[in-house]
Structure formats: structure tokens, C-alpha cells
Amino acid sequence: MTVSTSPCFFRMHNVIQDYAWGSTTSIESLFGIANPEGKPQAEIWMGAHPNGCSKIDVAGKATRLAEFIDTDKAAIIGADTEQQFGELPYLFKVLAADKALSIQVHPSKSQAEVGFAKEQDAGISHSAGHRNYKDPNHKPELVYALTPYQAMNGFREIAQIVTLFRCLEIADLQALAVALEENQNEGGLRQFFEAMLSLRGETKETAVSGLLTYAEQHKDDALFALILELSEQYPGDIGLFSPLMLNVLTLQPGEAMFLDACTPHAYIKGTGLEIMANSDNVLRAGLTPKHMDISELVTSTRFVPMPADTLLLAPEQSEGGLHYPIPVPDFKFSVYHSQQEIVLTMSSAEILLAIDEPVTVIHSNGETLTIEKGESMFIPNYAGSYTATSTGRFARAYN
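Small disclaimer: the values here were computed from a predicted structure and weren't measured.

About the criteria used
- Residues numbered from 1 in each chain as written.
- Predicted model: local features only at pLDDT ≥ 70, side-chain atom pairs only at ≥ 80, totals over all residues.
- Heavy atoms only, no water.
- Helix = DSSP H or I, 4+ residues; strand = E, 2+ residues; numbered from the N terminus.
- Rg over C-alpha atoms; globule rule 2.2 N^0.38 Å.
- Buried < 20%, exposed > 50% of the residue type's maximum accessible area, 1.4 Å probe, protein only.
- Contact = heavy atoms within 4.5 Å.
- Areas by Shrake-Rupley, 256 points an atom, 1.4 Å probe, with all protein chains shown as cover.
- Lys, Arg positive; Asp, Glu negative; His and termini not counted.
- Charge placed at Lys NZ, Arg CZ, Asp CG, Glu CD.
- Polar contact = N/O pair within 3.5 Å; in protein donor to acceptor, adjacent residues only side chain to side chain.
- Axes fitted to C-alpha atoms, helices over the stretch in contact; angles between N-to-C directions.
- Parallel < 35°, antiparallel > 145°, perpendicular 65-115°, else oblique.
- Left-handed = near helix turned anticlockwise from the far one by under 90°.
- Nonpolar A, V, L, I, M, F, W, Y, C, P; charged D, E, K, R; others polar.
- Phe/Tyr/Trp six-rings, centres within 6.5 Å; stacked < 30°, edge-to-face > 60°.
- Lys NZ or Arg CZ within 6 Å of the ring centre and 35° of its normal.
- Expected span 1.5 Å × (residues − 1).
- Arc of directions from axis to C-beta.
- Salt bridge = Lys/Arg side-chain N within 4 Å of Asp/Glu carboxyl O.
- Pairing = 2+ DSSP bridges.
- Core = buried A, V, L, I, M, F, W, Y, C linked by side-chain atoms within 4.5 Å.

Chemist: Even after reading the chapter, I still don't get the overall build of the protein chain, so can you show me in this structure?
Modeler: Within the protein chain, the secondary structure is distributed over 12 helices and 21 strands. Here the C-alpha atoms of the protein chain give a radius of gyration of 22 Å, agreeing with the 21 Å that 2.2 N^0.38 yields for 399 residues. Along the three orthogonal principal directions, the C-alpha set of the protein chain runs to about 70 × 50 × 40 Å. Relative to its 399 residues, the protein chain shows a buried fraction of 53%. Relative to all contacts within the protein chain whose residues are 6 or more apart in sequence, the contacts with residues 24 or more apart total 76%. A total accessible area of about 16700 Å² is found for the protein chain, and carbon and sulfur atoms account for 48% of it. For the protein chain, the distance from the average site of its 27 positive side-chain charges to the average site of its 49 negative ones is 4 Å.

Chemist: Would you mind going over the side chain of Ser26 with me for this structure?
Modeler: When you line up the elements, Ser26 lands in helix α1 (residues 26-31). When its relative accessible area of 13% is taken as the criterion, Ser26 is described as buried. A distance of 2.5 Å separates the side chain of Ser26 from the side chain of Thr271, its partner in a polar contact. In contact with Ser26, not counting residues within four places along its chain, are Ala96 and Thr271.

Chemist: Would you take a moment to explain the packing of helix α7 (residues 171-182) against helix α8 (residues 186-197) for this structure?
Modeler: When two helices pack together, their arrangement is given by the angle between the helix axes and the distance between those axes. Relative orientation of the contacting elements α7 and α8 amounts to 165 degrees, with a least axis distance of 9 Å. One finds that α7 runs roughly antiparallel with respect to α8. As for how α7 packs across α8, the hand of that crossing is left-handed. Across the interface between the two elements, Leu173, Leu176, Ala177 and Leu180 from α7 touch Gly188, Leu189, Phe192, Ala195 and Met196 from α8. The class makeup of the residues in the contact of α7 with α8 is eight nonpolar, one polar and no charged.

Chemist: It is not clear to me how unusual backbone geometry should be interpreted in this structure. Could you clarify?
Modeler: Negative phi values dominate among residues other than glycine, just as trans dominates among peptide bonds. The phi dihedral of Ala59 falls on the positive side, at around 55 degrees, and the residue is not glycine. With respect to the secondary-structure elements, Ala59 resides in the loop between β4 (55-58) and β5 (61-64). If you check the backbone angles, Ser338 has positive phi at about 50 degrees while not being a glycine. Inspection of the secondary structure puts Ser338 in strand β16 (residues 332-345). On the accessibility criterion, Ser338 (39% relative accessible area) is partly exposed.

Chemist: Which parts of the structure should I look at to understand the packing of aromatic side chains?
Modeler: Each pair of aromatic rings is reported with the distance of its centres and the angle of its planes. Applying the stated criterion to the full structure yields 16 aromatic pairs. With 5.0 Å between their ring centres and 90 degrees between their planes, Phe165 and Phe192 make a pair best called edge-to-face. Remark: Phe192 occurs in helix α8 and Phe165 occurs in helix α6 (residues 158-168); sequence separation between them is 27 residues. For Phe165, a relative accessible area of 1% gives the class buried. On the basis of relative accessibility, which here comes to 3%, the residue Phe192 falls in the buried class. Directly above the aromatic system of Tyr234 lies the positively charged group of Lys99, at a separation of 5.5 Å from the ring centroid. We note Arg396 situated over the ring of Tyr398; from NZ or CZ to the ring centre the distance is 4.4 Å.

Chemist: Hey, could you run me through α7 in this one?
Modeler: Its 12 residues give α7 an end-to-end C-alpha distance of 18 Å, which sits within 8% of 16 Å, the value for a rise of 1.5 Å per residue. Of the residues making up α7, those classed as buried are Leu173, Ala177 and Leu180. Buried residues of α7, viewed axially, fall in a sector of 60 degrees; they line one side. Counted as exposed and oriented over 90 degrees from the buried face of α7: Ala171, Ala175 and Glu182. Structurally, α7 contributes buried residues whose contacts are with α6, α8 and α9 (201-217).

Chemist: So what exactly am I meant to see when it comes to the pattern of salt bridges here?
Modeler: Any two side chains of opposite charge can pair, so long as their charged atoms come close to each other. Throughout the structure, instances matching the rule amount to 11 salt bridges. Linking Glu37 and Lys39 is a salt bridge whose minimum nitrogen-to-oxygen distance equals 3.7 Å. Residue Glu37 is classed as exposed on the basis of its relative accessible area, which comes to 63%. Where Lys219 meets Glu216, a salt bridge forms, and the shortest distance between an N and an O atom there is 2.8 Å.

Chemist: Any chance you could explain the environment of Ala75 here in plain terms?
Modeler: By the element assignment, Ala75 lies in helix α3 (residues 73-76). Through-space distance from the C-alpha of Ala75 to that of Thr360 is 23 Å; in sequence the pair is 285 residues apart.

Chemist: So what exactly am I meant to see when it comes to the pairing of strand β1 (residues 10-13) here?
Modeler: Every regular strand shows the same layout, with side chains that alternate between the two sheet faces. Side chains of β1 alternate between two faces, with Phe10 and Met12 buried and Arg11 and His13 left unburied. As paired elements, β1 and strand β20 (residues 376-379) share two bridges and run antiparallel to each other. Pairing of Phe10 across the sheet is with Phe378, part of β20. Where β1 lies against β4, two bridges are found, and the strand directions are antiparallel. Looking at β4, one finds that His13 is bridged to Lys55.

Chemist: Got a minute to help me understand the nonpolar core in this structure?
Modeler: Nonpolar side chains in soluble globular proteins tend to be buried together. Counting residues in hydrophobic clusters, the biggest one holds 61 residues, and the most contacted among them are Leu65, Phe92, Tyr144, Leu273, Phe333 and Phe378. Non-local contacts of Phe92, meaning those with residues more than four positions away in its chain, are made with Ile44, Trp45, Met46, Leu273, Glu274, Ile275, Phe333, Ile351, Leu353, Ala395 and Ala397. Of all hydrophobic cores here, the second largest spans 48 residues; its members include Met152, Leu164, Leu199 and Phe303.

The structure is reproduced here in C-alpha cells:
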């Protein structure tokens, strides 16, 4: 390609995933994206992931973003990004949950590489229900709330877990709670978590029944009201105990949090922006009818409590934007509000999303593009810099 004469701005045409847990109204309400069939609009994918690759218009032809990037990776995603990742290293999403997603853990980079290779060598199909590793990559994530956004993230303080389980007075769980009380460390938490997920048969049914009886008696408490709500979505699931083990929080619009590898978490309800490493690896820990590999899950989990006051990610404000400090090189994320001709300098390929008002970008070569709220654009690294204007918010994904 001839970079000097190539377009710098590309309107994106994105896949909307209609997973069963998605909202039928939120994306249409926020962005005006029609949903005439009333399907669950769970996620809008913006990126080059093979399971939902965006398309852009190249010389009048709808082209998969991954194919466009492959025409000149060094120019389009940047030489440093090509050398380190070999692909666009992030996937950007709008996520709209009406039901809870499964409790899950994403493996570290090294764990994913080993696990992926092992399953490849075993000849396990990528579409097999019991396959754990779809690729050799980690999947750290950031979520930025557009509406009140309820989630679970990381283990509670161990003493708090002990107190909550002792209050239930469920006979089959008392020994586990006592053992955790006597071993308030990583090893004790690991044994407790693994034992809870391994409950089977009548023991599991009795434990869940006891939990719901207690929750019904204490439904004025938001924590137990949540458990009752989850029980309607996932009846009899061992994951109903997860709010007693994990931090539960509700992000307000404009708040964000980071979800690291090896950390159990779940999205419960709400709509937000999500950016993650370009991976689809998920190890499930409840609130799901899908395969759960408990031994692999436990091996890939970090059993360290996360204090509740550390969960929100405070942005750094500079150069007209809010920039969220992310401890991995795969992606960066910034939000800009009411900007008049702000000049943004690039170091990688970028995706811009108009959140609530149109965004207009102008290049020094005279090229311009305006996207409406809910629309996104792809900007290759070779653009170098551009000027952006909006009376509302727009999000910037890059690396």
C-alpha cells in the first residue's frame, strides 16, 4: 500500500452478538441501533477477532478489518505492535447484560500458552464444549460503565467470607467454614473455593436449599436479594454462593474497573464499554450450564483477597482526556468530553467510539469523517495524528 495516499479514517461495521444474557433494549436506547426482531443485543465487537471481525470500507469494498491489517501490518498497527503481538492486540466492545454472565477466570499469558498447546496436541476441537483454551493469550479487561453496572470482582477479605458462611448455619458447610477460619491464607482460600465448587448431589442440593432459605429470610439485605435474583436465572447452581465469596459492587456511569488475569469475576447487569486483550479464553466457576473444569480453574486462580476500596480504577487527567492506568501492554483506554479540535498523536492503530454525541475527525491531508453516537471508526497507525471535535464523550482504544 502507498501510505501517503491511503485513507486515514475508516467507518466500522461491527458484529452484534446476540447471546442469551443480553439486553433487548439497552443498546437501542443508548445508541439508537434498531432491534426490530427484539433479539438480545449482548455485545458490539469492534476489532479483528475471528469470532466477530469488524468490516471497513476499502476502495468501495466491504473488507474484514483483519484482512486490511494483513496488507501492511507495520504501517497499519505499527512496527512495535507487529513485533510484539503480530496482530491488533485488543478487542473493544459495548456490553449490555440483562442477566448475569458466568463467574469466570481468565488465565495468565504463560498459563494460556501451556494450556492451548496441550489441548492442541490432544487434538481437541476448538468448538468442543469441554475445550478450555481457544488461543494462547491472556485476557485482562477494563470495563467503563455507561449505566449503573453491577459486577463481582475478586475475593472478599477472608474473615468476611468466614462470617457470611457461618451465618448461614448450613451443616454441610460448617466444617469448610471452620477450616477457612483456621487457615486464613492463600492455601486455605484455595481449599475452600475448590471444595465449594466440587459439591455434588444431595450435599449440593441441601446446601443451595439452605442458602435460599436464609436469603428469603434476609431479602431486605441487598446481598441476599441478589442471590435470590440469581437463583431465578440459574436455579440450583453452585455459583449462587459466589456473592458471599466475591466482592459485589455497582459502578456508576463514568466509573471503571480493571479485571486482571487469574481473578474470579462476573458481570451481573448493566451496560458498559469493555476493552480486553484479543483472547476468548474463559474458565468458568458457576452461574453457567457450560463446562466447568475445576482443577484447571483452581490452577489458574490467584487466591488473594482484593479489598473493596481498591476495585475502582481512578483515571489520570491530562491533555484533555481521562486516561485509565492499565498494567498490561495490550491496550490503553481514554475518554474525552466536550473537545474542540483536540490534536491526538498516535503510537498505534486506534478505534474511536462516539458515546453520546457525534465525533468529527480531521487529518492534516484534509480528510474528514463524522460518526454518530454508537458508531466507531478505525484509524491506522500511519495516520500519525488527527484533530477530534465533539460536544459529548468519545472513547479511544489503542495500545
